[in-house]
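Residues per chain, in single letters:
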Amino acid sequence: MIKHKDHRIINKNMHLYHKQSESPGMIFWHSNGLIVFRELENFIRTQLIKWKYEEVKTPIILHENFWEKSGHLDYFKESMFFTAMENKKYYLKPMNCPAHIQVFNKYLKSYRDLPVRIAEFGICHRNEPSGSLYGLLRLKSFTQDDAHIFCTEDQIQSEIINCIKMIFDCYSVFGFKNIRVKFSTRPNKSIGTDDIWNRAEISLKNALLQTKTKFDHQDGEGAFYGPKIEFILEDCFKRLWQCGTIQLDFYLPSRFNSCYIDCNNTRQIPIVIHRAILGSIERFIGILLEEYSGFFPIWLSPVQVVVINVNHDHIFYVKSVFSQLLSENIRVKYDVKPEKINFKIRKYTLACVPYILICGDKEVYHKKISVRYKNRIMKLIDIDVFIKNIKHKIENRIL
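First, a word on what this report is: a plain description of the structure on this page.

Each value, and the rule that gives it
- Residues numbered from 1 in each chain as written.
- Predicted model: local features only at pLDDT ≥ 70, side-chain atom pairs only at ≥ 80, totals over all residues.
- Heavy atoms only, no water.
- Salt bridge = Lys/Arg side-chain N within 4 Å of Asp/Glu carboxyl O.
- Buried < 20%, exposed > 50% of the residue type's maximum accessible area, 1.4 Å probe, protein only.
- Helix = DSSP H or I, 4+ residues; strand = E, 2+ residues; numbered from the N terminus.
- Pairing = 2+ DSSP bridges.
- Axes fitted to C-alpha atoms, helices over the stretch in contact; angles between N-to-C directions.
- Polar contact = N/O pair within 3.5 Å; in protein donor to acceptor, adjacent residues only side chain to side chain.
- Contact = heavy atoms within 4.5 Å.
- Left-handed = near helix turned anticlockwise from the far one by under 90°.
- Arc of directions from axis to C-beta.
- 1 Å grid on protein atoms, 1.4 Å probe; cavity = no way out; pocket = protein on both sides within 12 Å on 5 of 7 lines; lining within 4 Å.
- Points joined across faces, edges and corners; volume = space filled by probe spheres on them.
- Nonpolar A, V, L, I, M, F, W, Y, C, P; charged D, E, K, R; others polar.

## Thoughts on the pattern of salt bridges
In step 1: Summed over all chains, the structure comprises 19 salt bridges.
In step 2: Shared partners join several salt bridges into a network, and the residues in it are Arg38, Glu41, Arg45 and Glu55.

## With respect to the pairing of strand E17 (residues 305-309)
In step 1: Among the 5 residues that make up E17, 5 are buried, leaving the element largely enclosed by the rest of the structure.
In step 2: The side-chain alternation of E17 yields two buried faces, one formed by Val305, Val307 and Asn309 and the other by Val306 and Ile308.
In step 3: The pairing of E17 with strand E18 (residues 332-335) spans 4 bridges and is parallel. Across the sheet, the residue bridging to Val307 is Tyr334, located in E18.

## What about the sheet that holds strand E5 (residues 82-85)?
In step 1: Strands sit in the order E4-E6-E5 across an open sheet of 3 strands; the sheet is antiparallel. Each end of this open sheet is capped by a strand with a single partner; those strands are strand E4 (61-63) and E5. The average angle at which neighbouring strand axes cross in this sheet is 40°, direction not considered.
In step 2: Summarising the sheet, E4 and strand E6 (residues 88-92) pair through 3 bridges and their orientation is antiparallel. Residue Ile61 lies in a different strand from E6, and its bridge partner there is Leu92.

## Details of the side chain of Gln218
In step 1: Among the secondary structure elements, Gln218 is positioned in strand E11 (residues 216-218).
In step 2: At a separation of 2.8 Å, a polar atom in the side chain of Gln218 contacts the side chain of Ser184.
In step 3: Those residues in contact with Gln218, other than ones at most four positions away along the chain, are Lys182, Phe183, Ser184, Thr185 and Glu230.

## What to know about the packing of helix H10 (residues 315-326) against helix H13 (residues 383-395)
In step 1: Packing of H10 against H13 brings their axes to within 11 Å, and their N-to-C directions diverge by 35°. In terms of crossing hand, the pair formed by H10 and H13 is right-handed. Residue-level contacts link Tyr317, Val321, Gln324 and Leu325 of H10 to Ile383, Asp384, Phe386 and Ile387 of H13.

## Considerations on the sheet that holds strand E14 (residues 260-261)
In step 1: Pairing in this open sheet of 3 strands is mixed, and the strands run E7-E14-E15 from one edge to the other. Among the strands making up the open sheet, the edge pair consists of strand E7 (109-110) and strand E15 (267-268).
In step 2: As defined by bridge partners, E7 adjoins E14 across 2 bridges and the pair is classed as parallel. Looking at E14, one finds that Lys109 is bridged to Tyr260.

## A few points about the side chain of Gln304
In step 1: With respect to the helices and strands, the residue Gln304 is situated in the loop between helix H9 (281-291) and E17.
In step 2: The buried category is assigned to Gln304, whose relative accessible area is 1%.

## Quick notes on the pairing of strand E13 (residues 240-249)
In step 1: Counting buried positions over the 10 residues of E13 gives 8, a clear majority of the element.
In step 2: Pairing of strand E12 (residues 228-234) with E13, which is carried by 7 bridges, proceeds in the antiparallel orientation. Within E13, the residue paired with Phe231 across the bridge is Gly244.
In step 3: Between the antiparallel neighbours E12 and E13 lie 5 residues, among them Lys238 with a positive phi of about 70°.
In step 4: For E13 and strand E16 (residues 271-280), the ladder comprises 5 bridges, and the chain directions are antiparallel. Looking across to E16, one finds that Thr245 is bridged to Ala276.

## Focus: helix H1 (residues 7-14)
In step 1: Inspection of H1 places His7, Ile10, Asn11 and Met14 among the buried residues, and these make up the whole buried set. Down the axis of H1, the smallest arc covering the buried residues is 105°, so these residues share one side.
In step 2: Those residues of H1 hidden inside the fold are in contact with strand E1 (17-18), helix H2 (31-50) and H9.
In step 3: One or two steps after H1, the chain reaches His15, where phi turns positive at roughly 55°.

## Some words on empty space enclosed by the protein
In step 1: Scanning the model with the defined rule gives 1 cavity of 30 Å³ or more in all.
In step 2: In this structure, the largest cavity occupies an estimated 40 Å³ of space.
In step 3: Contributing to the lining of the largest cavity are Ile44, Leu48, Ala119, Glu120, Phe121, Asp145, Asp146 and Arg275.
In step 4: Looking at the lining of the largest cavity, the elements with two or more residues in it are H2, strand E8 (116-125) and strand E9 (141-151).
In step 5: In terms of residue count, the dominant contributor to the lining of the largest cavity is E8 (3 residues).
In step 6: Of the residues contributing to the lining of the largest cavity, the split by class is 4 nonpolar, no polar and 4 charged.

Structure, rendered in structure tokens:
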């Protein structure tokens, strides 16, 4: 493994997060890391608006009755954390689907209301073996950009096609090209009849064919309640990580008595499409750290610009440039400590700050800045031009 690409080593200079043995497999996010986390959430929110999702927030702990009904206690119990209150047993949710079904069920829907698309940045807990835990890439607690689409059978095909397009569109923003797609069929341990599983598998496969998506078969690797499409990213070490998923589910709605009223005023059971884009946001950040060697695209960088002085005479000008950038909502810091300029440049390069603005005698005299970006120095740049360019990159999420 190339050490400078390892996200755990990069993190030591960027100060994004830390872990402690008292909370194994869980993350203490620092300010810098939380900025990256929130920027990814905000990006996904733009997609939720575009594709007409409703964002919700549901409890982390649900009564065991929910997990019995859903089938998770039969198929997933070993990976679930539990607690007790007033002699009743509760489980920390390993996934969001039973909670989203409660949101759907709260008010009776008409067929005219469907599809209903419910999304959440849901915190999930899974009791992974300690030996499998690895940095941000495998955790016991993580946040999933999860969604569930409640639809009629006639709407399945178009909704799955939209999900495929949505996932590929999102990945293109990060520059991922080597995306493997796998179609996973019914596992040995599953619920339901052969007829329904066949219908579900045909629907997923047809959507892949219709979008001309190249895929491999994974026999027996589906979820216990339905087949799935997996979107797998290859990282810079050639390791494969499942991120996005689309799963088709004919069962959970009937187990929770979900229904809608059709055009004949008759109650019908909706079908549910489970989908995630990034998957675990924590894992996705780990993949991005290694993909970019810590140098995120400017819109994702926790600190986008740092302004430094050559000597004591330039402090006032540094603070003036800092204030100008700050007023434009650019994430900027300044450093006027009495340290050598080469030391400061090295410090902020190691911290993966993309733009280092240098203020010396010439910059002060001409009221300009010199810009260090990717080991290149551009001398005596107009501040307004720099601001215009960087804001264009941020607002358009340019790589």
